[in-house]
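Fold and geometry: a report
So you can see what is in the structure, the chains are spelled out below.
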Amino acid sequence: MIVLGIHIGHGASAALMNNGEIISCFQEERFTKIKNFQGYPKKSIQECLDYLYNKSLDIDVVAFSSKFYFGEALKYPLQNFFSIGEFKSYYGEEYYDLKLQGKSTSNFFKKLKSIKEKKIKFKTILDNYPDKKLKSNKFLRSIFEKDLIKNSKVKISKIVYLDHHECHASYAYYSIKKKDPKIAVLTLDSMGDFYNQTLWIPDKNNEIKNINRTNQCDLARIYKFVTLILSMKPNEHEFKVMGLAPYAKLSYAKIVYQNVFKNLLKVKNCKIVHKQRPKNLYSYLLSKLSSYRFDNIAGGLQIFLEQMTSDLLLQIKKKYKINKFSISGGVSMNIKMNMFLHNQKFVKKLYVAPTGTDDSLSIGACYAISKNKSKELENIYLGRSLIKKNILLKKKINSFLNKKTKYKLLRNVSSLTIANLLSKGEIIAIARGREEFGARALGNRSIIANPSNLGVIKKINEMIKNRDFWMPFALTILDEHKQKFIINKKGIDCKFMTIGFNTRINNLHLIKAGTHQYDNTVRPQFLDKKNNFPYYEIINAFYKLTKIPAVINTSLNLHGYPISSSIDDVLFTFKNSGLKYILIENDLLIKKIK
């Protein structure tokens, strides 16, 4: 059975499943170059349709990952063009303040149209339709289906619209290797199909059933608002607030937690619901947090998140006698929370689906159709190949070399050659095979370096990343050596960088540059031969030289851009950064830096 999953909205994407196996997932941001693209994934869908046409395969089911759509949000995708200042006005006096008071917001939409016209260079799928028509969910569905059928050269047998949280939950459960009947599946996000938290438990047939749901779990919304109050971009920079939190002095962070966050929400009947949540949440947080320092705000917020989710899991454990959990939804991206949860004594196992944000809803939609016939998600190298034909790749590189005399190319370099460069403190970009789906680079679109060399942090930031000074880099470590460096008493699997861990002090100096510089925690990718053999070979060669079975790993992209996808993206990134080396498949491109 062929299933095409489609997510329309923030993190737009399209995925393909063939007989229970996810074979592709494309993110629209990789085509548009707009990070966290919000809208209709037209190019991602076309990539799936072209693949099916070339393979002479028809579609049994097209599964959209939501039942309800908001035309205004798709026609005016704020995430694609709003500045931080404009977001502050939107959640403040220019829109939400007025809306909550029952006053007209027409002036805001006039301004919104003007801003959009100035900043967006492309048309949305809804631009040609009047705003009034976009209030009809039926009309919106007809637009999506019309575009899909128009561009498809293959037969489509059935089109369905699924519940947003069912897709999150299906991803969290059916993607697991062993479908455990005694596991609780949680979805936690900002809002989808009018809800923001759901609980699911498998039945005797290993099909998940919805136990409860609520629209009062404001964890993601609170985190988003605090991100904005700290002058970072909402729905994008929450990870920066998480990275900042460990720098807070615990006693000061607890004061912020007690005075601002603690009484906003509570856990009741296995749901996170309102306690003393004010009607105008953004205005409340803006006022209450004004007298506290930025790091203590981040620390207090993280305590709140961890305490609320821990209380929720404990209540579920007591009521349903379950001590294994799987989590998806945007909140699941908080690896510090995930670390806190898996360290709780009552938690036996924790699985966190890779990139549980809305980007993965297209995959979840496929799983929701396939259910217990689904196969494990073994890896997430699901995007575009670097280039479809190797001969074209060589032509692209040769053309690049001919125009740029400051580059040279070494053909068919060995893993040992790369390992030698790493051991000497060099920083190497890698672009190979199919790109990773999601927010984490896992060795096919990565920048790697020696994790024992603290100097590479500054070098990488100055070369390309321009990361905030407090943000850590991640680590890829060979699976067979992880116990020497990482404390993982429960044997939690982490091949997709979804969970944080504490490190072993005696070997910390060997991987220090790949850890959080303040609390020494790590966000690792456990790598085995099966998952990515070429990447494994490089790290194994580096281990033989240095006795360090790990490398720093950060994504290959310019600051503010999505992960580099095609060969053109890769060469653009290399040209416009301070990177000296990039491994393209098996060839090493070198920049002659004076």
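Everything below is about the structure printed above this text.
Only a predicted model underlies this, so the values are computations on that prediction, with no experimental measurement involved.

Some thoughts on the sheet that holds strand β19 (residues 524-527)
- With respect to topology, eight strands assemble into an open sheet ordered β15-β22-β21-β16-β17-β20-β18-β19, the strand pairing being mixed. Unpaired on one side and paired on the other, β15 (407-410) and β19 mark the two borders of the sheet. Taken over all neighbouring pairs, the strand axes of this sheet differ in orientation by 30° on average, direction set aside.
- Here strand β17 (residues 445-449) runs beside strand β20 (residues 550-555); their pairing, made up of four bridges, is antiparallel. From the neighbouring strand, Ala449 faces β20, where its bridge partner is Ile552.
- Sheet strands in contact with helix α18 (residues 415-423) are β16 (428-431), β17, β20, β21 (581-584) and β22 (587-591), and its direction is about 145° off that of β16.
- Sitting on the sheet, helix α22 (residues 567-575) touches β15, β16, β17, β21 and β22, and the angle it makes with β21 is about 170°.

Some words on the packing of helix α12 (residues 250-261) against helix α13 (residues 281-288)
- Close contact between α12 and α13 brings their axes to 11 Å; oriented N to C, the two are set at 140°. Here α12 is positioned oblique relative to α13, judged by the angle of their axes. By crossing handedness, the relation of α12 to α13 is classed as right-handed. In this structure, α12 contributes Asn259, Val260 and Phe261 to the contact, and α13 contributes Tyr284, Leu285 and Lys288.
- Along the lines of polarity and charge, the residues of the contact of α12 with α13 split into four nonpolar, one polar and one charged.

Focus on helix α5 (residues 84-91)
- Among all positions in α5, only Glu86, Phe87, Ser89, Tyr90 and Tyr91 are buried.
- Next to the buried residues of α5 lie α4 (78-81), α6 (96-100), α7 (106-119), α10 (219-229) and α13.

Points about a positive patch on the surface
- There is a patch of like positive charges on the surface, built from Lys262, Lys266, Lys268 and Lys275.
- Within the fold, Lys268 resides in strand β11 (residues 265-268).

Quick notes on the packing of aromatic side chains
- Counted under the stated rule, the structure contains 31 aromatic pairs.
- Between Tyr561 and Phe572, the aromatic rings sit 6.0 Å apart at their centres with planes inclined by 50°, giving tilted as the arrangement. In this pair, Tyr561 is assigned in the loop between β20 and α22 and Phe572 in helix α22, connecting sequence segments 11 residues apart.
- With a relative accessible area of 36%, Tyr561 lands in the partly exposed category.
- In textbook terms, an aromatic cluster arises when at least three aromatic residues are bridged by ring pairs, as seen for Phe81, Phe82, Phe87, Tyr90, Tyr91, Tyr95, Tyr96, Phe108, Phe109, Phe225 and Tyr282.
- Between the NZ or CZ atom of Arg141 and the centre of the ring of Tyr161, over which it lies, the distance is 3.9 Å.

Focus on the side chain of Arg440
- Position of Arg440 among the secondary structure elements: in the loop between β16 and β17.
- No salt bridge is formed by the buried Arg440; its nearest oppositely charged neighbour, Asp359, is found at 11 Å.
- Among the polar contacts listed, one links the side chain of Arg440 to the backbone oxygen of Met497, at a separation of 3.4 Å.
- Each residue touching Arg440, except ones within four places of it in the same chain, is listed here: Met333, Ile335, Phe496, Met497, Arg523 and Ile563.

Topic: the layout of surface pockets
- Taken as a whole, the second largest pocket encloses approximately 820 Å³ of empty space.
- Taken together, 28 residues form the lining of the second largest pocket, with Ile176, Lys177, Tyr351, Glu376 and Asp493 sitting closest to its centre.
- Among the secondary structure elements, those contributing two or more residues to the lining of the second largest pocket are β13 (324-328) and β14 (349-352).
- When residues in the lining of the second largest pocket are grouped by element, the largest group, four residues, is from β14.
- For the lining of the second largest pocket, the residue count by class is 11 nonpolar, five polar and 12 charged.

A word on the pattern of salt bridges
- Under the counting rule described, the total for this entry stands at 23 salt bridges.
- In this structure, Asp147 engages Lys42 in a salt bridge whose closest nitrogen and oxygen atoms are separated by 2.5 Å. With Asp147 in helix α8 (residues 137-151) and Lys42 in helix α2 (residues 42-54), this pair connects stretches of sequence that are 105 residues apart.
- Close ionic contact of Asp519 with Lys336 constitutes a salt bridge, the shortest N to O distance being 2.5 Å. Taken together, the positions of Asp519 in the loop between α20 (508-511) and β19 and Lys336 in helix α15 (residues 335-342) put the pair 183 residues apart, joining distant regions of the chain.
- A relative accessible area of 9% means that Lys336 is categorised as buried.

A short note on the sheet that holds strand β9 (residues 195-202)
- Strand order in the open sheet formed by five strands is β10-β9-β8-β13-β14, and the pairing between neighbours is mixed. Looking at strand neighbours, the two that pair on one side only are β10 (208-214) and β14, the edges of this open sheet. Across the sheet, the mean angle separating the axes of adjacent strands is 20° when strand polarity is ignored.
- With four bridges connecting them, β13 and β14 associate as parallel partners. Bridge pairing in β14 places Lys324 opposite Lys349.
- Across the sheet, helix α9 (residues 164-174) lies against β8 (184-192), β9, β10, β13 and β14, angled at about 145° from β8, the strand it touches most.
- Contacts from helix α14 (residues 294-320) reach β8, β9, β10 and β13 within the one sheet, and its direction differs from that of β8 by about 140°.

Here is what the cut-offs are and how they apply
- Residues numbered from 1 in each chain as written.
- Predicted model: local features only at pLDDT ≥ 70, side-chain atom pairs only at ≥ 80, totals over all residues.
- Heavy atoms only, no water.
- Pairing = 2+ DSSP bridges.
- Helix = DSSP H or I, 4+ residues; strand = E, 2+ residues; numbered from the N terminus.
- Axes fitted to C-alpha atoms, helices over the stretch in contact; angles between N-to-C directions.
- Contact = heavy atoms within 4.5 Å.
- Parallel < 35°, antiparallel > 145°, perpendicular 65-115°, else oblique.
- Left-handed = near helix turned anticlockwise from the far one by under 90°.
- Nonpolar A, V, L, I, M, F, W, Y, C, P; charged D, E, K, R; others polar.
- Buried < 20%, exposed > 50% of the residue type's maximum accessible area, 1.4 Å probe, protein only.
- Patch = residues over 30% accessible without salt bridge, like charges linked within 9 Å, V, L, I, M, F, W, Y side chains within 5 Å.
- Areas by Shrake-Rupley, 256 points an atom, 1.4 Å probe, with all protein chains shown as cover.
- Salt bridge = Lys/Arg side-chain N within 4 Å of Asp/Glu carboxyl O.
- Lys, Arg positive; Asp, Glu negative; His and termini not counted.
- Charge placed at Lys NZ, Arg CZ, Asp CG, Glu CD.
- Phe/Tyr/Trp six-rings, centres within 6.5 Å; stacked < 30°, edge-to-face > 60°.
- Lys NZ or Arg CZ within 6 Å of the ring centre and 35° of its normal.
- Polar contact = N/O pair within 3.5 Å; in protein donor to acceptor, adjacent residues only side chain to side chain.
- 1 Å grid on protein atoms, 1.4 Å probe; cavity = no way out; pocket = protein on both sides within 12 Å on 5 of 7 lines; lining within 4 Å.
- Points joined across faces, edges and corners; volume = space filled by probe spheres on them.

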